[in-house]
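One letter stands for each residue in the lines below.
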Protein chains: 4
Amino acid sequence: MSKTFNVAILGASGYTGAELVRLIATHPSIRIAALTADRKAGQSMGEVFPHLRHLDLPRLTAIDAVDFAGIDLAFCALPHATSQEVIAKLPRDLKVVDLSADFRIRDPEVYAKWYGHEHLALDLQAEAVYGLTEFYRDEIKSARLVAGTGCNAATGIYAILPLLRAGVIDPEMILIDLATGVSGAGRSPKEGSLHSEVSEGYHAYNVAKHRHLAEFDQEFTKAAGRPVEVTFTPHLLPQNRGILATVYVRGEPEAVHKALAETYAGEPFMVVLPLGEAPATRHVRGSNFVHLGVVPDRRPGWVMVFSTLDNLTKGSSGQALQNANLMLGLPETAGLMAAPLFP
Amino acid sequence: MSKTFNVAILGASGYTGAELVRLIATHPSIRIAALTADRKAGQSMGEVFPHLRHLDLPRLTAIDAVDFAGIDLAFCALPHATSQEVIAKLPRDLKVVDLSADFRIRDPEVYAKWYGHEHLALDLQAEAVYGLTEFYRDEIKSARLVAGTGCNAATGIYAILPLLRAGVIDPEMILIDLATGVSGAGRSPKEGSLHSEVSEGYHAYNVAKHRHLAEFDQEFTKAAGRPVEVTFTPHLLPQNRGILATVYVRGEPEAVHKALAETYAGEPFMVVLPLGEAPATRHVRGSNFVHLGVVPDRRPGWVMVFSTLDNLTKGSSGQALQNANLMLGLPETAGLMAAPLFP
Amino acid sequence: MSKTFNVAILGASGYTGAELVRLIATHPSIRIAALTADRKAGQSMGEVFPHLRHLDLPRLTAIDAVDFAGIDLAFCALPHATSQEVIAKLPRDLKVVDLSADFRIRDPEVYAKWYGHEHLALDLQAEAVYGLTEFYRDEIKSARLVAGTGCNAATGIYAILPLLRAGVIDPEMILIDLATGVSGAGRSPKEGSLHSEVSEGYHAYNVAKHRHLAEFDQEFTKAAGRPVEVTFTPHLLPQNRGILATVYVRGEPEAVHKALAETYAGEPFMVVLPLGEAPATRHVRGSNFVHLGVVPDRRPGWVMVFSTLDNLTKGSSGQALQNANLMLGLPETAGLMAAPLFP
Amino acid sequence: MSKTFNVAILGASGYTGAELVRLIATHPSIRIAALTADRKAGQSMGEVFPHLRHLDLPRLTAIDAVDFAGIDLAFCALPHATSQEVIAKLPRDLKVVDLSADFRIRDPEVYAKWYGHEHLALDLQAEAVYGLTEFYRDEIKSARLVAGTGCNAATGIYAILPLLRAGVIDPEMILIDLATGVSGAGRSPKEGSLHSEVSEGYHAYNVAKHRHLAEFDQEFTKAAGRPVEVTFTPHLLPQNRGILATVYVRGEPEAVHKALAETYAGEPFMVVLPLGEAPATRHVRGSNFVHLGVVPDRRPGWVMVFSTLDNLTKGSSGQALQNANLMLGLPETAGLMAAPLFP
């Protein structure tokens, strides 16, 4: 029987924390040894998340109460800015997968511009690997600190990065129209996340100024070998889970489709639909799968590329577990092959 | 006290028929004299639509059973293709507002191309006026037959037509990304309209081939005085009512905003938000209002224009009543000033 | 032309305040002269509730800034406990319709028991009339202060009160199983009201201890002329509007149905369905109508009575407007006859 | 490595068929060898259910095209009445788990009364074991044909059966108020299952005449050793998955709670909450778990018992797999321990 690794989940009282517990619950080689949540320390996970009450889990504690000696890896599901403070104080030999935005941006000036303050852990920032598994797999295997991607960012990057690498689209003309479920806004009570405000309605938010633009700029510029700036309009959907990006590009549909199909051939979670078909968020719900589609416009030279994933799974906690598997030398797909939940 | 007009609603067992009844229920000068529904003839409206059971309404009958002698105007809420057959047999002096697609397209060849068959009432087609009230008000006042617009088409046209007329955008670069509620698909049982298939999910449908493209081509080409072809990607939302178009154009944001504000100044149902603000479908739900917004992209020269309306009201039955008011010499806003229902 | 009355809405930034504005927007004889909201003073109503942005309304102010000299009636849509403090300071000749729980309970000791503190305005409490229009119409017409009912309480009372009065059911065996939409929980951000927590789920809350029990006890005991205690289990629905009570009683179905039909004959908003039919929340959405149904159980002597209304309209702001109409000598149904919004 | 068993899923194009595929996809010892769907024969499962497109599955075929020689067990997810015809023609040594209503009722006369026709396979009916695992485990282990329970029936029986066996409630006073998601109505297009008809609404259906009453009568009478008839009112929820029963009984809360806790001690999927807590459908979504709660009424001697499960999983396909595991000699929980999906 294979070795069992102990993990801690820091910030277990939010949706990404709960999603990690859900996924790890049936993982063959990972054991949850510690769960932290400052304001809910002392409570059981089943009190905070009754859907997990059948599980035998450690009680929530403060971070200070965790003995990291026996921990192989920590998932950090804390809010932005808090994350860098906490990780800076963790043992330097502890493997860490961070789900916040704190370590996604390579350039400290770009980070400061988008996030509004200087970074407080520049050495860690320099060390962190961007957690987009399919494009950074080798670096992740040997990384100590992996920075989970933005969920919207991942959705868009999966559609576009292969096209820029292959040189099959015009890098000046990339428009990302995206719609996301509300669970991405977290469990903290906010007027804009209330059922009465979200259901039976749809609108754009943070138009042209969403922070995930920083990730698009970073990854697309690197992939294209020249500055690339995209237009990005996120919308809020009246549903809990799922992101779908509709990307408008200029190129030949067959070449676009081929670039995606070839890039993702052999990838366990990436499904490229036949040319002409469009995916739906509901068909990846609760899973680590990404569905991609390419549809030619009626106007020659225009192409729509669709990309969809579950923001809490592949866009966040599923991706984190996939990376943790790599960092611990486990099979990359362990605990992640459950089929989507539909309907 | 003012005159009361008698109307018939042909095809009253669908959602647009019921919406007409809902709106006319409190109209000060219109009385519902006949309601038809072939398969449900003999039933009361309260049996077919229990939300209308408090109203004193005529029973549903077959169309043949209607005596049109005392009818001033007929709303025709029948399926496409059926509508042209039925209207061709109506008295030629009866005013008609048609809610189907049958009389929207001016060019018979274009109609045949998009709808897959020759038009069966070419003389009526030649006579019909396109029912986009704000742009065809004078023609509608004197029209006998008005063709209601497509609901998606209206949403997009409201955002774009003033910009083409004012010449403030590049007519070669217009992308319409649109999301619509499911009530637009009607009350006929279809797998794709089931709650289990629609809720908690989002996807694009009829990509690059939606029939409302024919209306876009017709109206935009006319407004620009040159051929205009747009890209159009409709999506299905997990909600009943509401359409939001996110339109990507090239131009200066201030000029775009000014063109909308000036075009719609004084219009009773058109609300142009301050520059930089984006509207939401939930804020026009159940009403005849349209909310429009303009947001500059971070990339100079790119602008996002948002347009939202309720597909069953302003996109269909509310528009039809607005046009009927004009055709009957009534105040245009009669029966239509109810505020949106939120939450 | 008839006189126009000026009203103030105190606490206009919550859902019941916004619903009052929505209803009054098309009222022929009432004008909104003042809107207050302490924390949002200075903002426009359109900023706080974009669905109302087409209306020409006074800006939100603090209560202290309102000149009540020209106000005929004030709607008080403030939180429980705050309401009694505010109303105690209003001019004593100002008509007031209170939407909070503060003046519903006649017995100060019962109030203190259920609400956890002594009442601070006992003289007002003594003066207040319970706002269940169909049963207190005459008192309401001459009242200065009317206490709006609880929305769940109204739903249950409409089903049961006529049966107790008519003596057709066993007062010892009344079980109220009720389900309500989430807008009743208000606009204040709470974890339990988030879309992610409410949608795709159903559960009972405040079982056997909901405060509306105090209203049931008060009204049922009065109607029966003997102490009546019921069992009451409220549930939260994944929808915004609507309450449906399923009431289990012992009696003969025909007698039960007859008692309801006779009690509500001639009532403008009360619809009693044919014996054997059950109503649905969606068929009263956004309206002031109540639908009632009676279905015999398969077991002789058992009957299910169903009652449904929109919690924000007939359960709260619509009821308040109906009462204000009576207090101002206006037609009771003014501004309230709009048909439900479906779908 | 353990033996792998081959199964066929007959009727794989419906929701329960797809749910079986979803669950078996990660089952360690079961392989899907055949999938049938008469009208969709020839299609791939990924075309019919895109959420399953990452799986390597056999194509859909007609039942006649299946070679049952290599099949160890067949799941029959066909419509009622069809099921008995199909199963009657299957090899008599093939193990079968039927998900329809055809073999649930032991008494042919009772079957005929509730289902409206004579049973066509009386010998099979005599042989079938009722598939409520926790109460028929030993019979199921050695059964050839297991009849899956009704999903509503299972929800109610889990709450009540232990109480009747323990004799802690009055068998004359059992009221089951139940609410269910819409996926239980299946994938066949019906007006009543449309998103526009289901969302934002709640109503009772089949009041006092739902067919699952036959299962209640059968199981409760057997457990109590005397005739037991209950009152049962099912409601439709605006959500896809989940059933919650609120059961009103007479007894002592502690005794009721104890009877449940003792009955389900050691059961892998049955979670009894602490006395006073009520469960929610969302906390068992997509899982095989059942959450049960007991809350005392304010009136002495009355108790509310809550029971919730996912209709497609524990109420249907999950139960079927659990029974199949037993019939094949596999660990009962294999493939079924995934935690619920929340939010």
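Here the structure is shown first, and the text comes after it.
These notes cover the structure that comes with them. Note that the structure is predicted; figures quoted are calculated from it, not measured.

### Describing the sheet that holds strand β10 (residues 231-236) of chain B
Residue and element names in this part refer to chain B.
Part 1 of the reasoning: Reading across from one edge, β9-β10-β8-β11-β14-β13-β12 is the order of the 7 strands in this open sheet, with mixed pairing throughout. What marks the edges here is a single partner per strand, and that holds for β9 (203-204) and β12 (270-272).
Part 2 of the reasoning: Along the sheet, helix α7 (residues 151-166) contacts β8 (175-180), β10, β11 (243-250), β12, β13 (290-296) and β14 (302-309); its crossing angle with β14, the most-contacted strand, is approximately 140 degrees.

### Points about the interface of chain B and chain A
Often, the extent of an interface is quoted as the loss of accessible area upon association of its parts.
Part 1 of the reasoning: Each partner contributes residues to the interface: chain B has 50 residues there, and chain A has 50 residues.
Part 2 of the reasoning: Summing the contributions of chain B and of chain A, the shared interface buries around 4,100 Å²; its carbon and sulfur component is 50%.
Part 3 of the reasoning: Three residues, B:Glu200, B:Tyr202 and B:Arg298, lead the burial of chain B against chain A; their summed loss comes to 20% of the area buried on that side.
Part 4 of the reasoning: One can count 4 salt bridges joining chain B with chain A.
Part 5 of the reasoning: Counting the contacts that link chain B with chain A gives 35 residue pairs in polar contact (both at pLDDT 80 or more).
Part 6 of the reasoning: Looking at the side of chain B that touches chain A, the elements with two or more residues in it are β8, α8 (195-198), β9, α9 (212-224), β10, β11, β13 and β14 of chain B.

### Observations concerning the interface of chain D and chain B
Part 1 of the reasoning: With 20 residues of chain D in contact, the opposing surface of chain B contributes 20 residues.
Part 2 of the reasoning: Here chain D packs against chain B, burying approximately 1,600 Å² in sum over the two surfaces, 47% of which is carbon and sulfur.
Part 3 of the reasoning: Taken as a group, D:Leu194, D:His195 and D:Ser196 account for 38% of the area that chain D buries against chain B, more than any other trio of residues on that side.
Part 4 of the reasoning: Across the contact surface, chain D and chain B share 6 salt bridges.
Part 5 of the reasoning: With a shortest N-O distance of 3.5 Å, B:Arg187 and D:Glu191 are connected by a salt bridge.
Part 6 of the reasoning: Applying the counting criterion to the chain D and chain B interface returns 11 residue pairs in polar contact (both at pLDDT 80 or more).
Part 7 of the reasoning: Class assignment of the residues belonging to the side of chain D that touches chain B gives a composition of 6 nonpolar, 9 polar and 5 charged.

### Focus: unusual backbone geometry
Part 1 of the reasoning: Here B:Phe342 and B:Pro343 are connected by a cis peptide whose omega angle stands at -5 degrees.
Part 2 of the reasoning: Position of B:Pro343 relative to the elements: it lies in the segment after α11 (313-327).
Part 3 of the reasoning: The phi dihedral of A:Ala81 is positive, around 80 degrees, even though this residue is not glycine.
Part 4 of the reasoning: In this structure, A:Ala81 sits in the loop between β4 (73-76) and α3 (82-88).
Part 5 of the reasoning: We classify A:Ala81 as partly exposed; its relative accessible area is 28%.

Definitions and cut-offs
Residues numbered from 1 in each chain as written. Chains lettered and ligands numbered in written order. Predicted model: local features only at pLDDT ≥ 70, side-chain atom pairs only at ≥ 80, totals over all residues. Heavy atoms only, no water. Pairing = 2+ DSSP bridges. Helix = DSSP H or I, 4+ residues; strand = E, 2+ residues; numbered from the N terminus. Contact = heavy atoms within 4.5 Å. Axes fitted to C-alpha atoms, helices over the stretch in contact; angles between N-to-C directions. Buried area = accessible area lost by both parts, 1.4 Å probe. Salt bridge = Lys/Arg side-chain N within 4 Å of Asp/Glu carboxyl O. Polar contact = N/O pair within 3.5 Å; in protein donor to acceptor, adjacent residues only side chain to side chain. Nonpolar A, V, L, I, M, F, W, Y, C, P; charged D, E, K, R; others polar. Buried < 20%, exposed > 50% of the residue type's maximum accessible area, 1.4 Å probe, protein only.

Purely geometric stuff here, so don't read any function into it on its own.
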